[in-house]
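# Commentary on secondary and tertiary structure
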Amino acid sequence: MTGPLIVQSDKTLLLEIDHDQADACRRAIAPFAELERAPEHVHTYRLTPLGLWNARAAGHDAEQVVDVLLEYSRYPVPHALLVDVAETMARYGRLQLVQDPVHGLVLHALDPAVLAEVMKSKRTAGLLGTRLDATDVVVHPSERGHLKQVLLKLGWPAEDLAGYVDGEAHPITLEEDGWAMRPYQQQAVEGFWHGGSGVVVLPCGAGKTIVGAGAMAKSSTTTLILVTNTVSARQWRDELVRRTSLTEDEIGEYSGARKEIRPVTIATYQVLTTKRKGVYTHLELLDARDWGLVLYDEVHLLPAPIFRMTADLQARRRLGLTATLVREDGREDEVFSLIGPKRFDAPWKDIEAQGYIAPAECIEVRLTLPDSDRMAYATAEPEEKYRLAATASGKNRVVERLVAQHEGEPTLVIGQYLDQLHELAEHIGADLITGETTVRERQRLFDAFRSGEITKLVVSKVANFSIDLPEASVAIQVSGSFGSRQEEAQRLGRIMRPKASGRTAHFYTVVARDTVDQDFAAHRQRFLAEQGYAYTIKDAEDLGVA
Amino acid sequence: MADRPGARERVPRIVVRMSTFTGFLRSSSDERLGALLARRPDLASPSPGNVTSLAVRATGRASLERALASVDAVVLQVLEAAVVLDGATSTRLQDAVAGGPHDEVARAVDDALALALLYPDTDASDDHAAGTAASAAGGARLRVAPGLGDLLDAHPAGLAVEVAGPPEPVTLPSDDEPLAAPARAVLDALMWGPPVGLAPAPGSTAGDAVALLVARGLLVRGSGRHVLLPASVALALRGGRTHREVAAPPDLTGSPLRAPATVAAESASAGERCARLVARLLRAWEHEPPGVLRAGGLAVRELRRTAQLLEVDEGEAAFVVELAFAAGLLAQDDDEPATFVPTVELDSWRGLDLPTRWVALASAWLATTRTPWLVGSRDERGSLIAALDPELSRPWAPRLRAAVLGVLARVPGRAPSAHEVVGALGWATPRSVPPLTAVESVLTEAARVGVLGAGALSEAGRALLPRAPGPATGAATGTERTIAAHDPDAAAEAFAQGLSPEVGDLLLQGDLTGIVPGRPSPELEALIDRAATVESRGGAITVRFTPDSVRRALDEGLTADDLLDTLASFGRGPVPQGLEYLVRDAARRHGRLRAGAASSYLRADDPALLAGLAEDPRLAELGLLQLAPTVLAAQASTHEVVEALRAHGLAPVAETPDGQVLHLERTVRRARRRGSRRAFAPVASRQVDTAALVRRLRASDEPGDARRPASRSGTSDEQVTSDAQVTSDAHTRAAAGDDATLVGPTSSAADATGTATTGSSARSWAGSGTADPVDALALLREAAAERANVWVELVGPTGRPERRLLRPLRVEGGRLRAADPVRESELTVAVHRIGAVERADEPVDQAADQDQEDM
């Protein structure tokens, strides 16, 4: 038996990780294959057109891809697949976006037939200007992103050779006093900078902010940072002040509350997408300065209007950061075409193995509903069923029991439904943070939690993203947004920052047995299961909960 | 050019020299004759009585056509040259075709001799014998087999052999003559054929040149303004050559080369998939066999369902179905209505190992006359061709497969395109080049069945090819390889080598998936089949365990512990906790609901009463079973239960499903009246209808021409009358559908009398008359072909129907052209003006005679 890789004709690659050559093979296929699942024995990668084009964009050619497959494959590689790889990769770069000294941005075709095909498509109508000759057509600069997106959909991805504007210079350096960039963070920054624009995928707690800071230092220009909410904006500011030469005065916050524009400006997605009388009123921010770098935090949450704005920012360097590039709306492609291809990706378990994120144990606790609840559930309207099952009162006792088991450890209880959370907070005697809690109150509770003053917090989905709770080591989720894989991963992320004591974090999901709650839980767990987190299933009865 | 064709007589070129040809055969060695019979199998069957009859058969047009269809382009060139240079030696033929000694041409001469398409004329004394060693008959004068010349081009090798040339030697206009240049241009244009040209108008330079050439005998006037270049002149111009160059086979060495391991692996994986699809199809059909359409074949709906079942497109589904049929694993049963069911062979086939199962399928595919790729297309009548349609057999299908695969066999490891294959066949068998679509279909099917891998012929496939008769042609390709004879064992072995190794490992993972890193052992395959869903197949198999898949295993009688033990025995390490939980959870839920059959129930508010009844031995025959304290189920019907309980001194009442009390009455029986919804239809006439219908069907069923008077002579008058009655009756109904609107009052009477008097011949037609437009057209076409007369009801410009006796001549483009024998005229009418058509009388030969007598 030779070779760690099995190439299936449906374009999946199976990598047996106990094999001697597994590591070498993983490194070799990472540039062009998407990691789909990483459970304990065999990792599944998939060859997609997007992945192959990204590889082309990163300078790999079809021959290298084919060689890698042939070198590591255990069995003969299906011939049709090799042909397909070559043909797919050959489509990339037949069209190029170039800067013409006379006409400005121009779509140049190496193959006139491709240009003719593309120009005939309805989708490119309005994006292309005057045809200069058989191989060149003028592109309106503001349509650069949109056009790239359309060309990707048409299967003729353009190579963007038009370059980036340098932006307004602004000195930024990292101040590595007492800390240093981790190797994978450095690789991520290098990968991004080398490629120009793109997305970096790192697990929660693996220090994405540092990657952002590193990129800013590399760029040393004015920077626009787009984040999900105000709390997150403040954390970015604090982190930047701590990690870089930037001072508070150089960093502005552009949010509902404040409208500051400074060399480094942190804006929320929400304020940018606010409309008044049908008009986006804060778009001027995008042109307020000659930004040299635009940074998107939690890029998987990028709202649709920002997609369109991003299309206008194509001439600027863009960096997207995320832990989980799975979008339930299936718009991963748009993220790639507008921000740029994936420049760096590290499986969660890899980072865990290196000790940079805490090892976590995922446990699903199944609760058998009492007969009265089951009867109520059985006869409920379909749209009510999830809520009924998710908020089953029996969960309170389970949570109580789990909290007691982890007495003294910083514990978060996370849920979706406010009634349930109020009840729970009362039941276990903890403070509650919801969307109604003021920013000041939130900060106070977070600080208290951080300092160890309080060890239990009940939070609603507002805390799903970007709250920095360094010492949370237990998370208990009682309900969520149906089957969101994204949310599940983000919630696990809350407890993955490495613990001082090096202890294992615990992630509990309390689920009502034989209900849609259980089905949704199964779907939610798919992403993490594919990342190699094996869920253990326990019965509530075994926890000593009657 | 020392060896001129001086001895050629300018007399009719086809001289039947049967005696010398027969003599050649008679004098051939047994070995040679045996080889001839092997290469021209039609000569051997039925076995000829003697050499003379063999010679007659070998010179028959059909047999020669067949033989010509099998020869390559060089042999054809040799034969053309031999026709032109009648009686030339092999050396001379090589000169003519290749311009000098040429091995390939010598080989072609030998081939033609072996096929008895050429033969040495031993009668003609030979003083030119300048033998080359290349041919056994190197010095003999060679002639083409009698009759062969007629089958070749009218101008073989572009030479007008039928016209006499000028006296030898041919002298061309010398350069200093006026008009030499234009004359030369004319000759050059005709030199390599076609040798016929249109003379330019006299007076022009070219016209004068032609006149000059004609005067010299270098051109010969043909019909009209045509002129021909005599063969002798053309040969002189060509320098004695009949062909510019030896036909070379297209070079296939440029087509992509595949690694042997890839070819073997892809052939094996395609073959494995094919065998799996056949097995899955038959597993489904053994439980629910699909019905046979009345016209034979499988309904489109069934095919679509099959495609869904197999998760393939409909084209491939049709292929799988046809393959199962060709392999004898599927047949039509004799039930009514008929269905397609697996045959008993299926059970033995299933018991074989995979390579042997594959060999059975692949051999069946190579040999079958079925043409699955035509499924879904339309036949000449425009109807959709169904899978398993009996019409889908084509006797040439196995030959086509052998020819296509033969091309691939000559370029081992290479994957030529269908275009290239057609090109190669254009050289190998120029007289029978298959169409591109057929070749494409064969290549697609070969890839599906696994005879090809990555587009190249696999070793396993090569071993199954039919034994090639005679020496493999294609020496010029330089990659000649003797095609292995048909050897199923070698094929199975080669196939097995391409399969990924059999493994007994199932890597179970925490995300509820499992991976078999190779081809599963039969036990493992069975487990996967029962308990998991396959997500990806190939060199390895990825499966996922879901509550549904585990439930399926439990449904088949496995317990949770059995399943977990089995999984653990295949897994490396323990079963992941998540999977174990899944299995246990599925087992916990399995069988929580119980279903059973009962005919009626008893319910009461008093549990004690029901308990007493359930225990009572006197009520045992009711089959009472206590389901709950207040409910009993009974095997007996409500009626019986109520009666029995009443007899028992209890006072039960029956109830409706919604709880209403039902007063049971004793059953009153009624027969449903049989009869038609159309009470006005007289019963008697309907009975006659069916009987007549059957007779008509029988009559039309008989093959042969429509007249067949002898077979009908015994028909009694009574039958004739009833037939007439029936046909007119049938006609009225057919014409009218449910209501008589189309056939006007004028027709009915004439109709009845017409058919009645014309007697027996009328009955031999499929339908004596029709107003259905499609049938009418068919009837008109049929009549045109048979030159029979028909009664045609024409709708005139006023909308008034007019009935005329016509003899259809042609039906096309929506128009009928017909002769009117009565008015002795021809007419053309638009088809839409034809209201009804009806057979009138005997076919026209007699009818015409009659007409004449009438006049």
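Cut-offs applied
- Each residue is numbered by its place in its chain's sequence as written, counting from 1.
- Each chain takes a letter, starting from A, and each ligand takes a number, starting from 1, following the order in which they are written.
- It should be noted that, the model being predicted, local features are given only for residues of pLDDT at least 70 and side-chain atom pairs only at 80 or more, the latter also being counted only at that level, while totals for whole chains, interfaces and linings use all residues.
- In DSSP terms, a helix is any run of H or I states spanning at least four residues, a strand is any run of E spanning at least two, and both are numbered starting from the N terminus.
- Remark: residues whose backbone-derived C-beta atoms lie within 7 Å of one another are considered to be in contact.
- Buried means a residue has 20 or more other C-beta atoms within 10 Å of its own C-beta, exposed means 12 or fewer, and partly exposed covers the counts in between; C-beta atoms are placed from the backbone.
- Polarity classes work like this: nonpolar for Ala, Val, Leu, Ile, Met, Phe, Trp, Tyr, Cys and Pro, charged for Asp, Glu, Lys and Arg, and polar for all others, with Gly in that last group.
- For two strands to count as paired, DSSP must find a minimum of two bridges between them.
- As a rule, the C-alpha atoms of each element are fitted with a line to give its axis, helices using only the stretch in contact, and angles between N-to-C directions run from 0 to 180 degrees.
- Each residue carries a pLDDT score, the predictor's own confidence in it, on a scale running from 0 to 100.
- An angle counts as roughly parallel when it lies under 35 degrees, as roughly antiparallel when it exceeds 145, as roughly perpendicular when it falls between 65 and 115, and as oblique in every other case.
- Here is the rule for handedness: rotate from the far helix to the near one, and if that takes an anticlockwise turn smaller than a right angle the crossing is left-handed, while a clockwise turn gives right-handed.
- Working definition: the nonpolar core is a set of buried Ala, Val, Leu, Ile, Met, Phe, Trp, Tyr and Cys residues, joined through C-beta atoms within 7 Å.

In the annotation of an unreviewed UniProt entry, the entry for chain B reads Helicase XPB/Ssl2 N-terminal domain-containing protein, and the organism field reads Cellulomonas persica.

As recorded in an unreviewed UniProt entry, chain A goes by DNA 3'-5' helicase and comes from Cellulomonas persica.

### Concerning the overall build of chain A
What chain A contains, in helices and strands, is 21 helices and 25 strands. Of the contacts made within chain A by residues no fewer than 6 positions apart, 73% connect residues no fewer than 24 positions apart.

### Digging into the overall build of chain B
In terms of helices and strands, chain B carries 34 helices and 26 strands. Here chain B holds 855 residues, and 39% of them are scored as buried. Across chain B, the fraction of contacts at a sequence separation of at least 24, relative to all contacts at a separation of at least 6, is 67%.

### Structural notes on the interface of chain A and chain B
Contact residues are listed per partner, giving 24 residues for chain A and 23 residues for chain B. Taken together, the residues that form the side of chain A that touches chain B break down as 12 nonpolar, 6 polar and 6 charged.

### A short note on the pairing of strand S25 (residues 825-830) of chain B
Residue and element names in this part refer to chain B. Among the 6 residues that make up S25, 0 are buried, leaving the element largely open to the surroundings. Where strand S24 (residues 815-820) and S25 come together, 6 bridges link them in antiparallel fashion. For aspartate 820, the partnering residue across the bridge sits in S25 and is serine 825. A loop of 4 residues connects S24 with S25, the two strands running antiparallel in sequence, and glutamate 824 in this loop sits at a positive phi of about 50°.

### Here we look at helix H6 (residues 90-98) of chain B
Along an α-helix, a turn takes 3.6 residues, which lines up residues three or four apart on a common side. All names here are of chain B. Where burial is concerned, most of H6 is hidden: 9 out of the 9 residues are buried. Of the positions making up H6, those classed as buried are Ser90, Thr91, Arg92, Leu93, Gln94, Asp95, Ala96, Val97 and Ala98. The elements touched by buried residues of H6 are helix H5 (73-84), helix H7 (103-114) and strand S2 (142-144).

### Concerning the sheet that holds strand S5 (residues 226-228) of chain B
Residues and elements named next belong to chain B. The antiparallel open sheet is built from 3 strands, whose spatial order is S3-S5-S4. If you trace the sheet from one side to the other, it starts and ends with strand S3 (196-198) and strand S4 (220-221), each paired once. Direction of pairing for S3 relative to S5: antiparallel, over a ladder of 3 bridges. Its bridge partner being in S5, leucine 198 is matched across the sheet by histidine 226.

### Regarding the sheet that holds strand S22 (residues 456-459) of chain A
Hydrogen bonds between backbone atoms are what pair the strands of a sheet, whose relative direction is either parallel or antiparallel. All names here are of chain A. With parallel pairing, the 7 strands of this open sheet are ordered in space as S21-S22-S20-S23-S24-S19-S25. Bordering the open sheet on either side are strand S21 (431-433) and strand S25 (536-539), each of which pairs with just one other strand. Each strand axis lies, on average, 25° off the axis of its neighbour in the sheet, ignoring direction. Bridging between strand S20 (residues 411-414) and S22 involves 4 bridges; their strand directions are parallel. Within S22, the residue paired with valine 413 across the bridge is valine 458.

### So, unusual backbone geometry
A cis amide bond links Glu336(B) with the next residue in sequence, Pro337(B), at an omega value of -5°. Examined against the element boundaries, Pro337(B) turns out to sit in the loop between strand S6 (330-332) and strand S7 (340-342). One non-glycine residue, Lys11(A), adopts positive backbone phi at about 70°. Structurally, Lys11(A) is set in the loop between strand S1 (5-7) and strand S2 (12-16).

### Examining the confidence of the model for chain B
Residue and element names in this part refer to chain B. Of all residues in chain B, 78% have pLDDT values of 70 or greater, and the mean over the chain is 78. Mean pLDDT per element in chain B: helix H32 (residues 760-763) is the minimum at 38, and helix H14 (residues 314-326) is the maximum at 95. Here residues 125-137 is modelled with pLDDT under 50, and outside its nearest four sequence neighbours on either side it reaches 27 contacts, counting other chains as well. In this model, residues 675-767 is a region of pLDDT below 50 whose contacts with residues beyond four sequence positions or in other chains number 84 contacts. For this predicted complex, the interface confidence score (ipTM) comes to 0.83, while the overall pTM stands at 0.69.

### With respect to the packing of helix H23 (residues 547-555) of chain B against helix H25 (residues 577-589) of chain B
Residue and element names in this part refer to chain B. Running from N to C, H23 and H25 cross one another at 60°; their axes reach a closest spacing of 9 Å. Viewed along their axes, H23 and H25 adopt a mutual orientation that is oblique. The crossing of H23 and H25 is right-handed. Of the residues in H25, those touching H23 at Pro547, Val550, Arg551 and Leu554 are Leu582, Val583, Ala586 and Ala587. Among the residues making up the contact of H23 with H25, the classes are represented as 7 nonpolar, no polar and 1 charged.

### Thoughts on the environment of Leu374(B)
Residues and elements named next belong to chain B. Within the secondary structure layout, leucine 374 lies in the loop between helix H16 (354-367) and helix H17 (397-409). Residues leucine 374 and glycine 315, 59 residues apart in the sequence, show an inter-C-alpha distance of 9.2 Å. With near-sequence residues (within four places) excluded, leucine 374 lies in contact with Ile385 and Leu392.

### Observations regarding the nonpolar core
Within the largest apolar cluster, 199 residues are counted, with the highest numbers of intra-cluster contacts made by Val78(B), Leu79(B), Ala82(B), Leu93(B), Val278(B), Ala324(B) and Leu361(B). Counting residues per element, this core draws most heavily on helix H12 (residues 260-287) of chain B, which supplies 12 residues. For Leu93(B), the contacting residues outside a window of four places in its chain are Val78(B), Ala81(B), Ala82(B), Leu85(B), Ala88(B), Val105(B), Val109(B) and Leu142(B). Formed by 101 residues, the second largest nonpolar core is a distinct cluster that contains Ala215(A), Val299(A), Val365(A) and Val459(A).

### Some thoughts on the environment of Gly60(B)
Residue and element names in this part refer to chain B. Relative to the helices and strands, glycine 60 is located in the loop between helix H3 (51-58) and helix H4 (61-69). Residue classification places glycine 60 among the partly exposed residues on the basis of 15 C-beta atoms within 10 Å. Note: C-alpha distance between glycine 60 and glycine 147 (87 residues apart in sequence) is 7.3 Å.

### Some remarks on the environment of Val150(A)
By the element assignment, Val150(A) lies in helix H6 (residues 144-153). A count of 21 C-beta atoms within 10 Å places Val150(A) in the buried class.

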